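The chain contents come next:
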Amino acid sequence: MITGPGLLFVVSGPSGAGKDTLVAALRGRRPSLRYSVSATTREPRPEEQAGEHYFFVSRQEFGRLRDGGGLLESREYNGNLYGTPRDYIERSLTEGYDVIMKPEVNGALAIRAAFPDAVLIFVVPDRFSNLRERLLARRTETNEEIARRLEIATREMKFIRQFDYIVVNEQDRLEQAVRDLEAILQAERFRIHRYPDDSIRRVESS
Ligand code: ADP
Ligand code: 5GP
């Protein structure tokens, strides 16, 4: 009975909230969930693989991609460009796969403009000060970069009301946050308006 296009889940929130960690854990539990890999002009971190974490491109390549209509949205964040490739998401949804992605907050709202049915999830820590501790523990940015990310985070928190769901990723309780995120995916699947009309008619007349 359950047929039709896949669902688009957009996980956003301030840097250090735990988006990467949560999405990675979720993908481990749901292998059929597709992850939209973004393009970026940022330098890869030591553990990052091209094509898996990001498509790492030059500013020139990024510009070509964007100007050719290849990106659904793009943003400058902390001096680097980030953007969502269009084809992969459109193709995956049409084929019936659910897709998850994790853009920054403005990107999330731009995705909703392109896909009004997208489910927007805002991830926060239990205390704002945890962001700094987590970013320090991650050891991927300099102190200046962390300070800039926290400044951006303060602005991003003001967009929370435009999202559909909030997930509180409490300190050292990652497992609970993964369960909460999974519950959202599960519940969205059962919303009546997600079902094609002929499926509902079959249920009505059975
Ligand atoms: P984001 O993708 O939102 O920037 P990350 O997933 O990279 O955040 O997490 C930032 C850091 O915080 C990482 O080092 C990660 O291991 C750690 N972290 C994530 N969730 C928790 C949690 N619930 N408690 C403590 N540390 C966490
Ligand atoms: P990071 O450098 O930590 O990987 O990412 C910096 C910020 O850019 C994060 O908030 C991340 O969610 C966001 N980001 C990653 N990919 C995209 C994208 O395709 N579009 C937008 N708008 N933001 C992105």
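What you see is a predicted model; the values in this text were computed from it and never measured.

Participant: Any details on the overall build of the chain? Residues and values, ideally.
Facilitator: Scanning the chain from N- to C-terminus turns up eight helices and nine strands. In terms of C-alpha radius of gyration, the chain reaches 18 Å, essentially the compact-globule figure of 17 Å for 206 residues. Based on the C-alpha atoms only, the size of the chain along its principal axes is roughly 65 × 40 × 30 Å. Here the chain holds 206 residues, and 45% of them are scored as buried. Of the contacts formed within the chain by residues at least 6 apart in sequence, a portion of 68% connects residues at least 24 apart.

Participant: Summarise the environment of R45; cite the residues concerned and give the values.
Facilitator: For R45, the position within the fold is in the loop between β3 (38–40) and β4 (54–56). Residues R45 and E141, spaced 96 residues apart in sequence, show a C-alpha to C-alpha distance of 9.2 Å. With residues up to four places along the chain from it excluded, the contact list for R45 reads D20, R138, T140, E141 and R149.

Participant: Give a description of the side chain of T41 that names residues and reports values.
Facilitator: With respect to the helices and strands, the residue T41 is situated in the loop between β3 and β4. One polar contact links the side chain of T41 to the main-chain amide nitrogen of L81, over a distance of 2.9 Å. Those residues in contact with T41 that sit more than four places away from it in its chain are V57, S58, R59, F62, N80 and L81.

Participant: I'd love a proper account of the sheet that holds strand β9 (residues 165–169), names of residues and values included.
Facilitator: Read from one edge of the open sheet, five strands run β2-β7-β1-β8-β9, paired in parallel fashion. On the outer flanks of this sheet lie β2 (34–35) and β9, each paired with one strand and no other. Relative to strand β8 (residues 119–125), strand β1 (residues 8–12) runs parallel, the two being bridged by four bridges. Looking at β8, one finds that S12 is bridged to F122. Each of β1, β8 and β9 touches helix α7 (residues 174–189); the most contacted strand, β9, lies at about 160° to it.

What counts, and at which threshold
Residues numbered from 1 in each chain as written. Chains lettered and ligands numbered in written order. Predicted model: local features only at pLDDT ≥ 70, side-chain atom pairs only at ≥ 80, totals over all residues. Heavy atoms only, no water. Helix = DSSP H or I, 4+ residues; strand = E, 2+ residues; numbered from the N terminus. Rg over C-alpha atoms; globule rule 2.2 N^0.38 Å. Buried < 20%, exposed > 50% of the residue type's maximum accessible area, 1.4 Å probe, protein only. Contact = heavy atoms within 4.5 Å. Polar contact = N/O pair within 3.5 Å; in protein donor to acceptor, adjacent residues only side chain to side chain. Pairing = 2+ DSSP bridges. Axes fitted to C-alpha atoms, helices over the stretch in contact; angles between N-to-C directions.

Function-wise, these values are silent; they only describe arrangement.
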